Amino acid sequence: MHPEQSTAAPTLARPEAATKPLALLYMADDTYRTMFDTELLRRLDDMVDTPRPRHVTRLDSPQARAALTEAELILTGWGCEPLTEQDLAKAPRLKAVFHCAGTVKHLLPPAAWAAGDLVVTSAAAANATPVAEYALAAILFSGKRVPAYAEHYRRRPGDWSVHGMLAVPSNYQRTVGVVGMSWTGRRVLELLRHHDFDVLVADPYATDQDAASYGATLVDIDELVARCDAVSIHAPALPETRHLLDRRRLAALPDGATVINTARGSLIDTAALTDECTSGRLYAILDVTEPEPLPADSPLYGCPNALLTPHVAGAMGAETRRLGALTLDEINRYLTGQPLRHLVSAAQLARIA
């Protein structure tokens, strides 16, 4: 099982209570407004009590301090600062933190993770859906050479001579590599099954059976880059994954291959990829970069072989309701004593995004 998956029961059993527990929502205003529509708020009210106004953007306000003393649950999300030891000390009844976003690695202080007496969940699985959709679109666009054709057409309107200037566009029987069987990586693999691709996977924690269950073949990353027409990265940003696609591995990619990154910019050596793209040998579709954003004078902005977007692959607008819905499902399981599906333990922190 991949380290991001968990079906373990909560580490702390919730005692029976005659009244609904108090839940404090702690996130940015725009996060709250877009994530929780009327139906989701109705579901939330059916399960818990919340203070009014319903959410806070800071924990040092009088409202937040009063709620912390009674809160059994905290719902966190984009725009909130990490919880500190001082914050937790003001919350003597706190038993669970439900994060309505992805990574929880820095959400709690190290001592809280070490103690292991808080239930912590993540909505990373819900955020994986729009990221995977973006990655699939990038893979399909790369096969049809859409970014390069579009750039040529923009510069020379009506000129179809580009048909003879680029490699023949096709998505039939191409080899696609997925680096990392994370929540997003697995969702990408599911989507790829509907297309005529030969799919390779590289993940040090996956087994042959894991890959085969998605119709893919497990290989090491060096074999993957040597064989693939497109490589989509879905690995966590860890010290050992920094520049996972370094100059050597980028050079091993076949001429005309496309590198797709929707994970973290640090996974790719930006300078090396810039050289490969500006030379015309490789293509890139990048939603994340290192640094982020790239400086205005980066050659990648003007490179016809590169398509850059400003970190838009993850949930935005109404898509964020998927994260809210997943979180409420987890709260329901917690309150009814069912195993949590998205529990995160301290042991997982060294291997997850």
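Residues numbered from 1 in each chain as written. Predicted model: local features only at pLDDT ≥ 70, side-chain atom pairs only at ≥ 80, totals over all residues. Heavy atoms only, no water.

Chemist: Talk me through the overall build of the chain; I want residue IDs and the actual numbers.
Modeler: Counting its regular elements, the chain contains 13 helices and 12 strands. Taken along its principal axes, the extent of the C-alpha atoms in the chain is 75 × 45 × 35 Å. Counting over 353 residues, the chain shows a buried share of 53%. For the chain, the accessible area works out to roughly 16100 Å², and carbon and sulfur atoms hold 54% of it. (Helix = DSSP H or I, 4+ residues; strand = E, 2+ residues; numbered from the N terminus. Buried < 20%, exposed > 50% of the residue type's maximum accessible area, 1.4 Å probe, protein only. Areas by Shrake-Rupley, 256 points an atom, 1.4 Å probe, with all protein chains shown as cover.)

Chemist: So, the packing of helix α6 (residues 124–143) against helix α13 (residues 321–336): which residues are in play, and what are the values?
Modeler: For any two helices packed against each other, the geometry is given by the interaxial angle and the distance between the axes. Here α6 crosses α13 at 155°, and the two axes come no closer than 7 Å. Here α13 runs roughly antiparallel to α6, going by the angle between their axes. The handedness of the crossing between α6 and α13 is right-handed. For the pair α6 and α13, contact is made by Ala125, Ala126, Asn127, Thr129, Pro130 and Glu133 and by Arg322, Leu323 and Leu326, respectively. Partitioning the contact of α6 with α13 into residue classes produces five nonpolar, two polar and two charged. (Axes fitted to C-alpha atoms, helices over the stretch in contact; angles between N-to-C directions. Parallel < 35°, antiparallel > 145°, perpendicular 65-115°, else oblique. Left-handed = near helix turned anticlockwise from the far one by under 90°. Contact = heavy atoms within 4.5 Å. Nonpolar A, V, L, I, M, F, W, Y, C, P; charged D, E, K, R; others polar.)

Chemist: Residues and numbers for the side chain of Asp87, please.
Modeler: With respect to the helices and strands, the residue Asp87 is situated in helix α4 (residues 85–89). It is Lys90 that comes nearest to the buried, bridge-free Asp87 among opposite-charge side chains, at 5.0 Å. Aside from chain neighbours lying at most four places away, what touches Asp87 is Leu59, Leu68 and Pro82. (Lys, Arg positive; Asp, Glu negative; His and termini not counted. Salt bridge = Lys/Arg side-chain N within 4 Å of Asp/Glu carboxyl O.)

Chemist: Account for the state of the cysteines, naming residues and giving values.
Modeler: Following the criterion strictly, the structure yields zero disulfides and no others. Left without a disulfide partner, Cys100 is nearest to the cysteine sulfur of Cys80, which lies 9.2 Å away. For Cys100, a relative accessible area of 0% translates into the label buried. Its sulfur unpaired, Cys303 is 5.3 Å from the next cysteine sulfur, which belongs to Cys277. Residue Cys303 is classed as buried on the basis of its relative accessible area, which comes to 8%. (Disulfide = S-S within 2.5 Å.)

Chemist: Lay out empty space enclosed by the protein with the relevant residues and their values.
Modeler: One pass over the structure, following the stated rule, counts two cavities of 30 Å³ or more. Approximately 60 Å³ is the volume found for the largest cavity. Taken together, the residues that form the lining of the largest cavity break down as six nonpolar, four polar and one charged. In this structure, the second largest cavity spans a volume of roughly 40 Å³. Surrounding the second largest cavity, Phe141, Ser142, Arg145, Val146, Pro147, Ala148, Thr258, Tyr283, Ala284, Ile285 and Asn305 form its lining. (1 Å grid on protein atoms, 1.4 Å probe; cavity = no way out; pocket = protein on both sides within 12 Å on 5 of 7 lines; lining within 4 Å. Points joined across faces, edges and corners; volume = space filled by probe spheres on them.)

Chemist: I'd love a proper account of the sheet that holds strand β3 (residues 73–76), names of residues and values included.
Modeler: Within a beta sheet, neighbouring strands are joined by backbone hydrogen bonds and run either parallel or antiparallel to one another. Taking strand neighbours across the sheet as the criterion, the five strands line up as β2-β1-β3-β4-β5 in an open arrangement whose pairing is parallel. Of all strands in the sheet, those bounded by a partner on one side alone are β2 (55–56) and β5 (119–122). (Pairing = 2+ DSSP bridges.)

Chemist: For the packing of aromatic side chains, give the residues involved together with the corresponding values.
Modeler: Given two aromatic rings, one states the distance between the centres and the angle between the planes to describe the pair. Going through the model one piece at a time under the given rule, you end up with two aromatic pairs. A ring pair is formed by Tyr32 and Phe36, whose centres lie 6.1 Å apart and whose planes are at 40°; its orientation type is tilted. Given a relative accessible area of 14%, Tyr32 falls into the buried group. Given a relative accessible area of 4%, Phe36 falls into the buried group. Ring centres 5.8 Å apart and planes at 70° place the aromatic pair Phe98 and Tyr334 in the edge-to-face group. (Phe/Tyr/Trp six-rings, centres within 6.5 Å; stacked < 30°, edge-to-face > 60°.)

Chemist: Tell me about the layout of surface pockets, and name the residues and values.
Modeler: Taken as a whole, the largest pocket encloses approximately 1000 Å³ of empty space. Surrounding the largest pocket, 45 residues form its lining, Trp78, Gly102, Thr103, Asn127 and Arg264 being those nearest its centre. Counting residues per element, the ones that place at least two in the lining of the largest pocket are α6 and α8 (183–192). The leading source of residues in the lining of the largest pocket is α6, at five residues. For the lining of the largest pocket, the per-class residue count stands at 23 nonpolar, 16 polar and six charged.

Chemist: Describe the side chain of Thr175, with residues and values.
Modeler: Looking at the element boundaries, Thr175 is found in strand β6 (residues 174–179). Judged by its relative accessible area of 13%, Thr175 is buried. Once you skip the residues sitting within four places of it in the chain, Thr175 turns out to touch Asp198, Leu200, Arg227, Cys228, Asp229 and Ala230.

Chemist: A description of α6 should follow, citing residues and the corresponding values.
Modeler: Between its terminal C-alpha atoms α6 stretches 28 Å, which fits the 28 Å expected from 20 residues at 1.5 Å a residue. Of all the bends in α6, the greatest, near 25°, is centred on Pro130. In terms of burial, α6 is largely enclosed, as 15 of its 20 residues are buried. Positive phi shows up at Arg145, right after α6, with a value of about 55°. (Expected span 1.5 Å × (residues − 1). Bend = angle between axes of the 7 residues up to and from the residue.)

Chemist: Outline the sheet that holds strand β12 (residues 306–308), listing residues and values.
Modeler: A sheet is described by the order of its strands in space; here seven strands give the open sequence β8-β7-β6-β9-β10-β11-β12, paired in parallel fashion. One side of each edge strand has no neighbouring strand; the edge strands of this open sheet are β8 (217–218) and β12. Direction of pairing for strand β10 (residues 258–261) relative to strand β11 (residues 283–286): parallel, over a ladder of four bridges. When the sheet's bridge partners are listed, Thr258 is paired in β11 with Tyr283.

Treat this as a map of the structure, not an account of what it does.
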